[in-house]
Amino acid sequence: MKILVLNGPNLNMLGIREKNIYGNDTYEDLVNLVQKIAKENHIEVEVYQSNHEGALVDRIQQAYFDGTEGIVINPAAYTHTSVAILDALKAVSLPAVEVHLSDVSQREDFRQISYAGKACVKTIMGKGFLGYQEGMLFLLEMADRKGE
Ligand code: DQA
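Residues numbered from 1 in each chain as written. Predicted model: local features only at pLDDT ≥ 70, side-chain atom pairs only at ≥ 80, totals over all residues. Heavy atoms only, no water.

If you check an unreviewed UniProt entry, the protein chain appears there as 3-dehydroquinate dehydratase from Anaerotignum neopropionicum. According to the UniProt record, the Subunit (unreviewed entry) comment for the protein chain is "Homododecamer." (UniProt positions renumbered as here; feature names shortened; annotations may be inferred.)

Pasting the structure below:
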């Protein structure tokens, strides 16, 4: 199975940004963990991060053409603003899981809406890096069930 793990703005600053919310581990640690989980579960994974909305839209569109079978996405701040990312997810219609490191349901009002989430089969929040693991394994299970 081929999975795309997509990360939005400021997630490259993990380990530096608001450590009380996002922890001490770095973006590189996150990428290493995702790659380890992929290897252990025979998943082909691509990890992509961008601070630019259009670049994220481009990468989602590319997933339609490159054999990607599922997307784990943390759109970060674009979660709460981007109809373009929502539309891109709908356009490719691949199963997508929304992941947030923090529990956004317990944060500011402006974080209470998720556009991207409207095109996702599942949302995982407040579990830190483990949310990515849960998301990847969920997509794997979904694909296995479909293949049976
Ligand atoms: C985040 C939550 C968003 O509200 C925020 O803008 C982020 C990270 C999270 O992973 O908890 O940048 O998506």
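In this section: the UniProt feature "binding site: substrate" (unreviewed entry) in the protein chain. The feature "binding site: substrate" (unreviewed entry), as annotated in UniProt, sits at Asn74, His80, Asp87, Leu101, Ser102 and Arg111 in this numbering. Spanning 38 residues, the annotated positions stay apart in the fold, the maximum distance between their C-alpha atoms being 24.2 Å. Annotated residues from the preceding list that form part of the lining of the largest pocket: these are Asn74, His80, Leu101, Ser102 and Arg111. Its location among the elements puts asparagine 74 in strand 3 (residues 70-74). (1 Å grid on protein atoms, 1.4 Å probe; cavity = no way out; pocket = protein on both sides within 12 Å on 5 of 7 lines; lining within 4 Å. Helix = DSSP H or I, 4+ residues; strand = E, 2+ residues; numbered from the N terminus.)

All right, on to the nonpolar core then. When a protein is soluble and globular, its nonpolar side chains tend to lie buried together. Counting residues in each nonpolar core, the largest one holds 23 residues, and the members touching the most others are Leu14, Val72, Tyr132 and Met136. Broken down by secondary-structure element, the contributors of at least two residues to this core are strand 1 (2-7), helix 2 (27-40), strand 4 (96-100) and helix 5 (130-147). Here this core gets six residues from one element, more than from any other, and that element is helix 2. With sequence-adjacent residues up to four places away left out, tyrosine 132 is seen in contact with Val5, Asn7, Leu11, Leu30, Val34, Val72, Asn74, Val99 and Leu101. Formed by 19 residues, the second largest nonpolar core is a distinct cluster that contains Leu4, Val92, Ala116 and Cys120. (Core = buried A, V, L, I, M, F, W, Y, C linked by side-chain atoms within 4.5 Å. Buried < 20%, exposed > 50% of the residue type's maximum accessible area, 1.4 Å probe, protein only. Contact = heavy atoms within 4.5 Å.)

Okay, the UniProt feature "active site" (unreviewed entry) in the protein chain next. According to UniProt, the positions carrying the feature "active site" (unreviewed entry) are Tyr22 and His100. Across 79 residues, the annotated set stays spatially compact, with a maximum C-alpha separation of 9.8 Å. Among the annotated residues just listed, those that line the largest pocket are Tyr22 and His100. Assessed through its relative accessible area of 13%, tyrosine 22 is described here as buried. Residues within four places of tyrosine 22 in sequence aside, it is in contact with Leu14, Arg17, Leu101, Ser102 and Arg107. Among the structural elements, histidine 100 can be located in strand 4. Take histidine 100: its relative accessible area is 5%, and that puts it in the buried class.

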